[in-house]
Amino acid sequence: MAKKSSRNRMSNEINAGSMADIAFLLLIFFLVTTVIAEDKGVLVKLPPWSDEPPQELTINTRNVYSVLVNAQNQLLVRNEPMEINKLKENTILFITNPQKRADLSEDPTKALVSLKNDRGTEYKTYLAVYNELKAAYNEIWEDEAARRFSRPYEELSKTQKDEISSAYPLVISEAEPTKFGEEN
Amino acid sequence: MINFKKKQGNTNPTISTASLPDIVFMLLFFFMVVTKMRDTDLMVGVNTPQASELTKLEKKSLVNFIFIGRPTAKFRDVYGTKPRIQLGDKFSNPDDIPLFLEKHRVTVPEGFKDRIITSLKVDGEVTMGIVSDVKTSLRKAGQIKINYSAKKRDRTK
């Protein structure tokens, strides 16, 4: 008798009130820690394909900034070897040509960057070079945005951005890669 | 007075919260089921290089992916260790790219077709030969907007 009465007095249910808290805690933990994989990358516009041979263009060599990357991942910029960490600075100097030197570009609108690689060039190096060239232009645009509109480039309106990018057009021409160093 | 006191003693004013966990778990399971982690299993090892000038891919439905890398350990016996192209869920060669692009293009609503971006997820150790072949094939297929997938790093000083 005594036993029975004591069982009756105790509650048979487990208090489930805190279960909600635990579940919420789990939900919030996963919400916070989950990193949705963002896809980012270097955006490039390829030239459209045409079967006709490209027309001969006569461009003054002073306006061409030729960058060659060989199968040993070495850089040859305007016929001189260069380290990749100097490439951006040098490209900016070539495009803007602040001292109006005779061997650098006449005008930013006439400047042309020519990139050529071997088939054996590592993709890592190629992308690093492309990235540096793009960084050079981005830096010029940002400086120009600060000078003309005293605002960061990202915050400019479409017409303001167009104004800057037409003054400093990004032209990276890529030649067909040479067959050196292809792996089998 | 007496009546009032009696009532208070009999009724239980707390709302039962026992069903709350069920509701929360339902939410949890719903999100777990609905969340799409990755549509394709990678059959090639891709370790993208780092770059600083990155652009975010905004609309997932307008993006198709091409993977280039060496086959993973599971496929090495059959496909060797030479870099390979993966389109969708199978190994391919550059000639298959136009069909692959067309299959994606039909799923994109009219008016957005010129905003399709091809994301190239290429392993950093791969040589440019195979990448150039893919680029040529993309150009021939009229897909000129591409995105070299890369990880974020700071701009060099």
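Residues numbered from 1 in each chain as written. Chains lettered and ligands numbered in written order. Predicted model: local features only at pLDDT ≥ 70, side-chain atom pairs only at ≥ 80, totals over all residues. Heavy atoms only, no water.

Engineer: Account for the overall build of chain B, with residues named and values stated.
Structural biologist: Broken down by element type, chain B carries five helices and nine strands. Shown N-terminal to C-terminal, the secondary structure of chain B runs as helices and strands in the order α-α-β-β-β-β-α-β-β-α-β-α-β-β. Evaluated residue by residue, chain B yields a buried proportion of 39% over its 157 residues. Across chain B, the fraction of contacts at a sequence separation of at least 24, relative to all contacts at a separation of at least 6, is 74%. When the accessible surface of chain B is split by element, carbon and sulfur atoms take 57% of a total near 10100 Å². (Helix = DSSP H or I, 4+ residues; strand = E, 2+ residues; numbered from the N terminus. Buried < 20%, exposed > 50% of the residue type's maximum accessible area, 1.4 Å probe, protein only. Contact = heavy atoms within 4.5 Å. Areas by Shrake-Rupley, 256 points an atom, 1.4 Å probe, with all protein chains shown as cover.)

Engineer: How would you summarise the packing of aromatic side chains if you had to cite specific residues and measurements?
Structural biologist: Within this structure, the stated rule accounts for twelve aromatic pairs over all chains. With centroids separated by 4.9 Å and ring planes inclined at 35 degrees, the aromatic side chains of tyrosine 65 of chain A and phenylalanine 94 of chain A adopt a geometry described as tilted. Of the two residues, tyrosine 65 of chain A sits in strand β2 (residues 64-69) while phenylalanine 94 of chain A sits in helix α3 (residues 87-96), which places them 29 residues apart along the sequence. One aromatic cluster is present, formed by Tyr123, Tyr126 and Tyr130 of chain A together with Tyr148 of chain B through successive ring pairs. Directly above the aromatic system of tyrosine 153 of chain A lies the positively charged group of lysine 161 of chain A, at a separation of 5.5 Å from the ring centroid. Taking NZ or CZ as reference, lysine 59 of chain B lies 5.7 Å from the ring centre of phenylalanine 112 of chain B, over its face. (Phe/Tyr/Trp six-rings, centres within 6.5 Å; stacked < 30°, edge-to-face > 60°. Lys NZ or Arg CZ within 6 Å of the ring centre and 35° of its normal.)

Engineer: Describe the packing of helix α4 (residues 97-105) of chain B against helix α5 (residues 128-140) of chain B, with residues and values.
Structural biologist: All names here are of chain B. Between α4 and α5, the shortest axis-to-axis distance is 9 Å and the interhelical angle comes to 55 degrees. As far as their axial angle goes, α5 and α4 are oblique. As for how α4 packs across α5, the hand of that crossing is right-handed. For the pair formed by α4 and α5, the contact residues are Ile97, Pro98 and Leu101 on the first element and Val134, Ser137 and Leu138 on the second. (Axes fitted to C-alpha atoms, helices over the stretch in contact; angles between N-to-C directions. Parallel < 35°, antiparallel > 145°, perpendicular 65-115°, else oblique. Left-handed = near helix turned anticlockwise from the far one by under 90°.)

Engineer: Describe the pairing of strand β7 (residues 117-122) of chain B, and please don't skip the residues or the numbers.
Structural biologist: All names here are of chain B. In terms of residue burial, β7 counts as a mostly covered element, since six of its six residues are buried. Across six bridges, the pairing between strand β4 (residues 63-71) and β7 is parallel. By the bridge assignment, isoleucine 66 is partnered in β7 with leucine 120. Here β7 pairs with strand β8 (residues 145-149) via three bridges, running parallel. Across the sheet, residue threonine 118 finds its bridge partner in β8, namely isoleucine 146. You can see the chain leave β7, run along α5 and come back into β8, and the turn it takes is right-handed. (Pairing = 2+ DSSP bridges. Right-handed = clockwise from strand over helix to strand, strands pointing away.)

Engineer: Can you explain the sheet that holds strand β3 (residues 75-77) of chain A? Please cite residues and give values.
Structural biologist: Residue and element names in this part refer to chain A. Across the sheet, five strands lie side by side as β4-β3-β2-β5-β6; this open sheet has mixed pairing. Strand pairing shows two members of the sheet lacking a second neighbour, β4 (80-82) and β6 (172-174), which therefore form its edges. Strand-to-strand twist across the sheet, computed as the mean angle between neighbouring axes with direction ignored, equals 30 degrees. Direction of pairing for β2 relative to β3: antiparallel, over a ladder of three bridges. Counterpart to valine 67 in the pairing with β3 is valine 77. Its contacts with the sheet put α3 on β2, β3, β4 and β5 (112-117), and the angle it makes with β2 is roughly 160 degrees.

Engineer: Which residues make up α4 of chain B, and what values do they have?
Structural biologist: Residue and element names in this part refer to chain B. Taken together, the buried positions of α4 are Ile97, Phe100, Leu101 and His104. The buried residues of α4 occupy one face: seen down the axis, they fall within an arc of 95 degrees. Away from its buried face, by an angle of more than 90 degrees, α4 presents the exposed residues Leu99 and Lys103. Where α4 is buried, its residues meet β4, β5 (84-87), β7 and α5. (Arc of directions from axis to C-beta.)

Engineer: A description of a nonpolar patch on the surface should follow, citing residues and the corresponding values.
Structural biologist: On the surface, Phe24, Ile28, Leu31 and Val32 of chain A together with Leu20 and Ile23 of chain B cluster together into a nonpolar patch covering about 560 Å² of accessible area. Broken down by secondary-structure element, the contributors of at least two residues to the nonpolar patch are α2 (17-33) of chain A together with α2 (20-34) of chain B. With four residues, the top contributor of residues to the nonpolar patch is α2 of chain A. Within the fold, leucine 20 of chain B resides in helix α2. (Patch = residues over 30% accessible without salt bridge, like charges linked within 9 Å, V, L, I, M, F, W, Y side chains within 5 Å. Salt bridge = Lys/Arg side-chain N within 4 Å of Asp/Glu carboxyl O.)

Engineer: Give a description of the interface of chain A and chain B that names residues and reports values.
Structural biologist: Contact with chain A, which involves 44 residues of that partner, is made by 52 residues of chain B. Summed over both sides, the interface between chain A and chain B buries roughly 4500 Å², with carbon and sulfur atoms accounting for 59% of that surface. Its largest share of buried area at the contact with chain B, chain A owes to Asp39, Leu46 and Tyr123 of chain A, together 18% of the area lost on that side. At the surface where chain A touches chain B, the tally comes to eight salt bridges. Among the ionic pairs, glutamate 174 of chain A bridges to lysine 135 of chain B, the shortest N-O distance being 3.0 Å. Where chain A meets chain B, there are 23 residue pairs in polar contact (both at pLDDT 80 or more). Contributions of two or more residues to the side of chain A that touches chain B are made by α2, β1 (40-45) and α4 (123-148) of chain A. Top element by residues in the side of chain A that touches chain B is α4 of chain A. It accounts for eleven residues. Classifying every residue of the side of chain A that touches chain B gives 19 nonpolar, eight polar and 17 charged. Inspection of the sheet shows β1 of chain A paired to strand β3 (residues 55-56) of chain B by two bridges, in the antiparallel sense. (Buried area = accessible area lost by both parts, 1.4 Å probe. Polar contact = N/O pair within 3.5 Å; in protein donor to acceptor, adjacent residues only side chain to side chain. Nonpolar A, V, L, I, M, F, W, Y, C, P; charged D, E, K, R; others polar.)

These values are about where atoms sit, not about what they do.
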